[in-house]
Amino acid sequence: MRHPIIAYLMLALLLLSCQKRLDVTIQVTPMTADVIKTIALRLGVDESDVKQIGDQSNLLLVNMPAPVDTASVERLLSHGGEFELWETYRSKEITPLLVDKNKSGQPDTLTSLLVLRSDDYCILGYASEKDTATVSHLLSERITADLSDVRLLWFTHPEEFGGSDPLNDSATDTISQKHYALICLRGTKPSMSVLSLEYAKSEYEQFTGRPIVTIHMNKEDAIRWANLTKKNVGNAIAMVIDHQVYCAPNVNSEITGGLSSVSGNFTEQEAQEIALLLNSGPLNATVKIVNIK
């Protein structure tokens with residue numbers, strides 16, 4: 001009788017060999033062989049699966065597993081190496097200062113596009129993808145001197161709301177729609193910039209099985225992180241990579257030793273993307289997905 005572990009490995013290899021793959025043409029700035037290796041590492045593919053097209057050093061053909069999330073690929077390749085941790089405001093501290101106080105009786109355009117929160121968490125509200133630019137513009141007009149140390153950023157990954165559209169109480173559409181969360185960062189600069197990590201990896205939470213990211217900081221950053229978490233017990237701290245917000249977990253207690261498990265309702269792909277970004281150095285390439293087939 002065949003050993004069950006061997007049978008399992010053979011099945012895994014068979015599934016991998018059958019996995020659909022796609023050729024993705026990426027336009028980049030001219031690069032050296034070392035940068036091409038970095039690209040292969042970030043995309044989770046072998047170096048042999050990244051090839052230069054002819055004599056055009058700005059075009060690469062990457063053979064990678066399907067499906068391809070073009071936004072994630074572009075984020076990975078444009079990574080500038082900036083990892084920041086920001087303290088946050090609670091939404092109930094900020095929402096009253098942004099709501100239109102005019103007495104004209106006309107509906108407030110902002111609140112028609114942004115579902116506001118007013119609670120103890122740091123999310124100001126949610127807007128559909130098509131409305132984020134308009135909401136950002138409206139908010140920029142309402143940032144006064146009283147809000148000079150508030151920075152509002154959209155989360156990188158959208159959330160899906162099933163059932164009726166949360167932005168329209170009368171909606172009957174049952175198709176899930178993607179909405180982006182807007183977070184209230186505190187201050188004009190990050191509370192802490194992480195210069196280097198021992199490692200970061202995507203894992204699964206022991207009891208729930210949910211994807212998480214485990215981060216191990218070096219000794220110097222671990223001390224600063226302990227001080228920051230001690231100061232913010234009960235509050236959320238936002239993880240910002242290259243000026244994009246990936247999560248804002250609540251701090252339950254002071255974290256010493258530099259080892260942290262970060263959860264944020266990640267999908268498996270999102271957790272892997274964060275770990276890849278944190279482990280890889282800056283590339284700062286301007287990239288564009290040209291073709292997928």
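Residues numbered from 1 in each chain as written. Predicted model: local features only at pLDDT ≥ 70, side-chain atom pairs only at ≥ 80, totals over all residues. Heavy atoms only, no water.

**Student:** Explain the sheet that holds strand β14 (residues 244–247) to me, and be specific about the residues and the numbers.
**Tutor:** Spatially, four strands are ordered β10-β4-β13-β14 in an open sheet, and the strand pairing comes out antiparallel. Across the chains shown, the open sheet's two edge strands, defined by having one partner strand only, are β10 (192–194) and β14. Here the strands of the sheet are splayed against their neighbours by 35° on average, with no regard to which way each runs. (Pairing = 2+ DSSP bridges. Helix = DSSP H or I, 4+ residues; strand = E, 2+ residues; numbered from the N terminus. Axes fitted to C-alpha atoms, helices over the stretch in contact; angles between N-to-C directions.)

**Student:** Explain the state of the cysteines to me, and be specific about the residues and the numbers.
**Tutor:** The term disulfide refers to a covalent linkage connecting the sulfur atoms of a pair of cysteines. Scanning the model with the defined rule gives zero disulfides in all. For Cys 122, which is in no disulfide, the shortest distance to another cysteine sulfur is to Cys 184 and amounts to 7.2 Å. When its relative accessible area of 1% is taken as the criterion, Cys 122 is described as buried. We classify Cys 184 as buried; its relative accessible area is 0%. (Disulfide = S-S within 2.5 Å. Buried < 20%, exposed > 50% of the residue type's maximum accessible area, 1.4 Å probe, protein only.)

**Student:** How would you summarise the pairing of strand β4 (residues 83–87) if you had to cite specific residues and measurements?
**Tutor:** Burial of β4 is extensive: five of the five residues sit out of reach of the surface. Taking every second residue as pointing to the same face, both faces of β4 are buried, with Phe 83, Leu 85 and Glu 87 on one and Glu 84 and Trp 86 on the other. As defined by bridge partners, β4 adjoins β10 across three bridges and the pair is classed as antiparallel. Looking across to β10, one finds that Phe 83 is bridged to Val 194. Bridge count between β4 and strand β13 (residues 237–241): five bridges; the pairing is antiparallel.

**Student:** Tell me about the packing of helix α2 (residues 33–43) against helix α3 (residues 70–77), residues and numbers included.
**Tutor:** Where α2 contacts α3, the two axes come as close as 10 Å, and the packing angle between them is 135°. As judged from the angle between their axes, α2 and α3 are oblique. Seen from above, α2 lies across α3 with right-handed handedness. Here α2 contributes Ile 39, Arg 42 and Leu 43 to the contact with α3, which in turn contributes Val 73, Leu 76 and Leu 77. For the contact of α2 with α3, the per-class residue count stands at five nonpolar, no polar and one charged. (Parallel < 35°, antiparallel > 145°, perpendicular 65-115°, else oblique. Left-handed = near helix turned anticlockwise from the far one by under 90°. Contact = heavy atoms within 4.5 Å. Nonpolar A, V, L, I, M, F, W, Y, C, P; charged D, E, K, R; others polar.)

**Student:** Which residues make up the sheet that holds strand β11 (residues 197–204), and what values do they have?
**Tutor:** Strand order across the open sheet formed by three strands is β11-β12-β15, with antiparallel pairing between neighbours. Two strands bound the open sheet, and with one partner strand each, they are β11 and β15 (259–262). Geometrically, the sheet is characterised by an average inter-axis angle of 20° between neighbouring strands, direction not taken into account. Summarising the sheet, β11 and strand β12 (residues 211–217) pair through seven bridges and their orientation is antiparallel. Of the residues in β12, the one forming a bridge with Tyr 199 is His 216.

**Student:** An account of the nonpolar core is requested, with residue identities and associated values reported.
**Tutor:** Of all hydrophobic cores here, the largest spans 44 residues; its most connected members are Ile 26, Leu 43, Leu 85, Ile 215 and Met 239. Apart from residues no more than four positions distant in its own chain, Ile 215 is found in contact with Phe 83, Leu 197, Tyr 199, Ala 200, Met 239, Gly 258, Leu 259, Ser 260, Val 262 and Leu 278. Counting 18 residues, the second-largest nonpolar core is a separate cluster that includes Leu 124, Leu 147, Leu 152 and Cys 184. (Core = buried A, V, L, I, M, F, W, Y, C linked by side-chain atoms within 4.5 Å.)

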